[in-house]
Structure formats: structure tokens, C-alpha cells
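Fold and contact review
Here is what each chain is made of, one letter per residue.
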Amino acid sequence: MNNARLIKSSDNGGMTMQFKHHTRRSSSRTNARDLAAGIFLTATAIVGLFLNREYTLGSAAQMGPGYMPMLVFSLLGFLGIIIIIGALRNAPDPLGRWAWRELVLILGAMASFGVLLEEVGLALSVATVVVVSSLADRSQTIKGIVVLTVSLVAICWLIFIYGLGLNVSFLPPALMEG
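The present account deals with the structure reproduced in this document. (Residues numbered from 1 in each chain as written. Predicted model: local features only at pLDDT ≥ 70, side-chain atom pairs only at ≥ 80, totals over all residues. Heavy atoms only, no water.)

Here helix α2 (residues 67–89) contains 23 residues, and its C-alpha end-to-end distance of 33 Å stays within 8% of the 33 Å for a straight helix at 1.5 Å per residue. For α2, every residue scored as buried is listed here: Tyr 67, Gly 77, Gly 80 and Ala 87. The secondary structure elements touched by the buried residues of α2 are α1 (32–52). (Helix = DSSP H or I, 4+ residues; strand = E, 2+ residues; numbered from the N terminus. Expected span 1.5 Å × (residues − 1). Buried < 20%, exposed > 50% of the residue type's maximum accessible area, 1.4 Å probe, protein only. Contact = heavy atoms within 4.5 Å.)

See below:
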């Protein structure tokens, strides 16, 4: 937008017209990617806390079934708010294209773990998660997937079966019955 104004010139005693050019600067310093991530995390935390309200919390000394989910969702909400505040202060960054393939593969991998755990045991469930989610990364090699699968299955056995003694079948229950 141009604004014109008359200025009395001292050079020749006449009037001179000056044009002042205004450029519009973007006052938005919002980082859309961080804002979307922060809103997603905060919304997930709110839904999780809402769904968790029926469980007994207990105390830090005697935790009820709702204590850890409440703690995790609260931390997730706090992290989401921190990310939103940062997004409002950071340099602009457009949201860009969604990685639908990767999103579906990773969410599918996590869902498959929950569905398969009781049916095929911890080892095959973890292996399924690793293989399916590895498909989201196009740079993965078969060797890398195998090493990661074997490592995570061993770590899960060490922590959950041996260390914590969880009552979860490590191998498929059908193999354990015979």
C-alpha cells in the first residue's frame, strides 16, 4: 500500500510529493509443525486423562491401576503445552505434507502388538512390531531389521519375563501347552 503526502520543500519553496511504501510483514511467528504436534499431544493427554478417571489412583507408595496412566498422560499434556508455547515463539515453519504411509504403518504396528500379544506371545508380537514399523523407514535393510528384532526380543525377555516376572507368555501359548 502506498501513502502519498505533500511536504514543503525548502529547496525551491514549492511543494514536493513523497511516496511512502509500506510493506506488510508477516506478524505470524508460529511454527505450524510444532503447533500441530503440541495440539495432538495435549489432546491425547486430555482424552487419556478423561478415560482414566474411572480407575483408582492410589498414592505413590501404593499405586492403583490409574496412577501410572495419570502420571504419563499428565506429563504428555505438560510436554504438549511446552511444545505449543515454543511453536508460538519459533520461526514460521509450514505444516507440509503428511506422511500417511508411515503413520499407518507405525500405528498398525502398535495395534498389532495389542491384538497379537495373548495369541502369539511376547516374542512374536515384538517381532511383528519391529518388522511392520521398519517398513515405514525406506532406508532400512533386512540385516538391520533382523538385528533390531533379535535385540528387542531379547531385551523384552530380559526385562519383562526374567526381570519383572510378568505373567505373559513369551512364546506362542500353543507351543507351551504341548
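A few words on the packing of α1 against α2. Contact geometry of α1 with α2 gives a least axis separation of 7 Å together with a crossing angle of 155 degrees. As far as their axial angle goes, α2 and α1 are roughly antiparallel. Note that α1 runs across α2; the crossing there is left-handed. Here the contact of α1 with α2 is built from residues that sort into 15 nonpolar, eight polar and one charged. (Axes fitted to C-alpha atoms, helices over the stretch in contact; angles between N-to-C directions. Parallel < 35°, antiparallel > 145°, perpendicular 65-115°, else oblique. Left-handed = near helix turned anticlockwise from the far one by under 90°. Nonpolar A, V, L, I, M, F, W, Y, C, P; charged D, E, K, R; others polar.)

What follows deals with the side chain of Asn 52. Inspection of the secondary structure puts Asn 52 in helix α1. Residue classification places Asn 52 among the buried positions, given a relative accessible area of 6%. For Asn 52, the side chain forms a polar contact with the main-chain oxygen of Gly 66, separated by 2.9 Å. (Polar contact = N/O pair within 3.5 Å; in protein donor to acceptor, adjacent residues only side chain to side chain.)

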